[in-house]
Amino acid sequence: MTRTLQAAWTIARKDLRIEARSRELVYTTLFFAVACLLVFAFAFVRERPIDNAAAGILWVALAFSGTLALGRTFERERQGETLRALLLAPVERGAVYLGKLIALLLLMAAVELIVVPIVGLLFSAPLLRAPALLAGLLALGTIGFAAIGTLFAAMLVRASSRDVLLPILLYPMTAPLLIAGVQGTAAIFADEPNLALAENWLAMLLFFDAVVVTVALWVFGAVMTE
Amino acid sequence: MMNRLVPVLLIAAAIVFGYAPFLIRDSPAEDTMGVVFKIFYFHVSSALTMMLSAIVCAVASAAYLRRRSRTADHLALAAAELAVVFGAIVLITGPLWARKSWGFWWVWDARVTSTLVMWMMFSSYLLLRKYAGVGSETLSAAVGVFAGVMSPLVYKSVDIWRTQHPTTNVLPSLPPGMRGVWLWCLVGFLMLYVALMALRTRLAASQAALDDLHLALED
C-alpha cells in the first residue's frame, strides 16, 4: 500500500516537474478558464450579473478548463512515447492512475486558486460567506471530476478523434458531480444562503468521490493492459 | 436454442403489438389527463426496457473487462444499442405527453433529466465504439461499467435537485383495467427486446468471426 502510494507520488512529481519547467498547462488552462468567463459575461450580465449565475459560471469554467488540461496531460506521454514505459514500470497499475490523478489535481487546484477569486470579483459572488464549505465543495467536486477524467483521458490516448470523444464521455458521466457542485455552491451564493443544504451536497460529493475513485481504480487496471 | 426462439418471439411480439392499440383504445380514461394518458402504456414500457438494457450492458461490460469473453462484449454492444433505441422512444413519447399534461415540452425533473443523461452515456458508448479505432471494445466496456455505476447517482442527484414527474407509486396504484393493458404492452416490449438482443448479439458474433477470417487471410 505505502509502496503504491510512493510510486504514485513519484509519477505525480515527474509530471509536476515537467510542468514547473514549461508551465505550459497551467498558463493555457488558466487563460482558457478566463476566456470562458468572458463569454459568460456576454451571456449572463445585463445591468449586473443575473441572479445566482455565479455558481454555474464558476463550475462550467472549471469543467471546461479541466477537460482541456486532461487531454494535455496524456498528450505529453503520447508525444514522448513514454506511456508504455510508464505501464511497464514494476508498480501496480493503480499507482500510475493515482500519480496522474494527483498531478492533475494539483494543477487544477492552482488554476482554481486564481479563477475562483476572479469569479468573485467579476460576478460579485460572496466567496467569503462560508469559505471552508466552498473550498470543500470545490475540492471534492474537482477530485471526482478529475478521477473520471483521468481514467477516460488515459483510455483515449491511442484512440483517433480523442479530442472530441473525451468531452462527449466526460460531461454525461460527471453530471452528478457537476450538479452537486453547482447546487451546493449556489446554496452558499444565494441571497438567502442555505448552508445546511450546501453541507448536504458536500456529503453527497464525498460519497460520489468514493464510488468514482474505487470504480476508476478497478477499471484502469483492467483497461490499460498493454 | 436462441436462434429457434427468435422467430417465435418476433411473431408473438407482432401479435401483442397488433392487438395493443385495441386494448389501449378500450382502456378506461384517466380522470385528469384524459386521452393523453394513453401514451403511458408505451412510454413506461419502453422506459423499463431501456433500464433493463442498461443493466445488461453494465453487467456484460464488467464481465468482459474481467474475463475478456467475446460473448460478453457482443452482449454489451447489443444492449447499449438497444438502450439507445428504447431510450429514443422514451425521449420522444415523453415530451408529447408532457406538452399536454404539464404544458411544456421539456421539464428538467429528476426522471426526465436522468433518462436523458443515461441515454447520452449509452450514445457515447456507441460513438466511442465506432470512432475510437483499435481496442474500442475495452474502452467502451469501461464506459459501460461507468454508465451502470453512475446512473443511480445521476438519478439521486437530480432527484434532490428537482422533482415533478409522477413518482413510481403510480404503477402499483393503477386501476385494474389499466394495469392489465400496461402489462400486455410491457410483455410485448420485453419479447421484442429479447428477440432484438438475440439478433444483434448474433450479428456482432458474425462480424467478429468475419474480421478474424479477414485477418487470417492477410497473414
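This structure is a prediction, so every number in the text was calculated from the model and none was measured.

Enquirer: So what's going on with the overall build of chain A? Residues and values would help.
Expert: A count of helices and strands for chain A gives nine helices and zero strands. Tracing chain A from N to C terminus, the helices and strands come up as α-α-α-α-α-α-α-α-α. Over its C-alpha trace chain A gives a radius of gyration of 18 Å, about what one expects of a compact globule, namely 17 Å for 226 residues. For chain A, the C-alpha atoms occupy an extent of roughly 55 × 30 × 30 Å along the three principal directions.

Enquirer: Run through the overall build of chain B, naming residues and quoting values.
Expert: Counting secondary structure elements, chain B contains six helices and zero strands. Based on the C-alpha atoms only, the size of chain B along its principal axes is roughly 70 × 45 × 25 Å. For chain B, long-range pairs separated by at least 24 residues make up 79% of all intrachain contacts whose partners lie at least 6 apart in sequence.

Enquirer: Account for the interface of chain B and chain A, naming residues and giving values.
Expert: Across the contact, 25 residues belong to chain B and 23 residues belong to chain A. By residue class, the composition of the side of chain B that touches chain A is 19 nonpolar, five polar and one charged.

Enquirer: So, helix H2 (residues 40–67) of chain B: which residues are in play, and what are the values?
Expert: For H2 of chain B, which comprises 28 residues, the first-to-last C-alpha distance of 40 Å matches the rise-based estimate of 40 Å (1.5 Å per residue) to within 8%. A large share of H2 of chain B lies buried, amounting to 20 of its 28 residues.

Enquirer: Explain the packing of helix H6 (residues 131–155) of chain A against helix H9 (residues 195–223) of chain A to me, using residue names and the numbers behind them.
Expert: The geometry of a pair of packed helices is captured by two quantities: the angle between their axes and the separation between those axes. All names here are of chain A. Where H6 contacts H9, the axes come no closer than 9 Å and their chain directions differ by 20 degrees. Taken together, the axis directions place H6 and H9 in an arrangement best described as roughly parallel. You can see that H6 and H9 cross each other, and the crossing is left-handed. Within the contact of H6 with H9, the residues separate by chemical class into 22 nonpolar, three polar and two charged.

Enquirer: Lay out the nonpolar core in plain terms, naming residues and giving numbers.
Expert: Counting residues in hydrophobic clusters, the biggest one holds 136 residues, and the most contacted among them are Cys57, Ala76, Ala79, Ala83, Phe122 and Ala142 of chain B. Apart from the residues within four sequence positions on either side, Ala76 of chain B is in contact with Cys57, Ala60, Ser61, Tyr64, Ala141 and Gly144 of chain B.

Enquirer: How would you summarise the environment of Val90 of chain B if you had to cite specific residues and measurements?
Expert: Residues and elements named next belong to chain B. With respect to the helices and strands, Val90 occurs in helix H3 (residues 70–101). Counting along the chain gives 19 residues from Val90 to Asp109, while the straight-line C-alpha distance between them is 15 Å. If we skip the residues at most four places from it in the chain, Val90 touches His43, Ser46, Ala47, Met50 and Thr115.

Enquirer: A description of unusual backbone geometry should follow, citing residues and the corresponding values.
Expert: We note that Glu81 of chain A has phi near 50 degrees; this positive angle belongs to a residue other than glycine. Assignment of secondary structure puts Glu81 of chain A in the loop between helix H3 (53–79) and helix H4 (83–88). Taking the C-beta count within 10 Å as the criterion, Glu81 of chain A has 8 such neighbours and is therefore assigned exposed. The phi angle at Arg68 of chain B is positive, at roughly 55 degrees, despite the residue not being glycine. You can see Arg68 of chain B is positioned in the loop between H2 and H3.

Enquirer: Which residues make up the packing of H3 of chain B against helix H5 (residues 136–161) of chain B, and what values go with them?
Expert: Residues and elements named next belong to chain B. Here H3 crosses H5 at 60 degrees, and the two axes come no closer than 11 Å. Looking at the two axes, H3 sits oblique to H5. The way H3 lies across H5 gives a crossing that is left-handed. Along its contact with H3, which presents Asp73, Ala76 and Ala80, the element H5 presents Glu137, Ala141 and Gly144. The residue makeup of the contact of H3 with H5, split by class, is three nonpolar, one polar and two charged.

Enquirer: With reference to specific residues and values, describe the confidence of the model for chain A.
Expert: Of the residues in chain A, 100% have a pLDDT of 70 or more, and the chain-wide mean is 90. Here H4 of chain A stands out as the least confident element of chain A, with mean pLDDT 84; H6 of chain A is the most confident, with 94.

Reading the values: the criteria
Residues numbered from 1 in each chain as written. Chains lettered and ligands numbered in written order. Predicted model: local features only at pLDDT ≥ 70, side-chain atom pairs only at ≥ 80, totals over all residues. Helix = DSSP H or I, 4+ residues; strand = E, 2+ residues; numbered from the N terminus. Rg over C-alpha atoms; globule rule 2.2 N^0.38 Å. Contact = placed C-beta atoms within 7 Å. Nonpolar A, V, L, I, M, F, W, Y, C, P; charged D, E, K, R; others polar. Expected span 1.5 Å × (residues − 1). Buried ≥ 20, exposed ≤ 12 C-beta atoms within 10 Å, placed from the backbone. Axes fitted to C-alpha atoms, helices over the stretch in contact; angles between N-to-C directions. Parallel < 35°, antiparallel > 145°, perpendicular 65-115°, else oblique. Left-handed = near helix turned anticlockwise from the far one by under 90°. Core = buried A, V, L, I, M, F, W, Y, C linked by C-beta atoms within 7 Å. pLDDT = per-residue confidence, 0-100.

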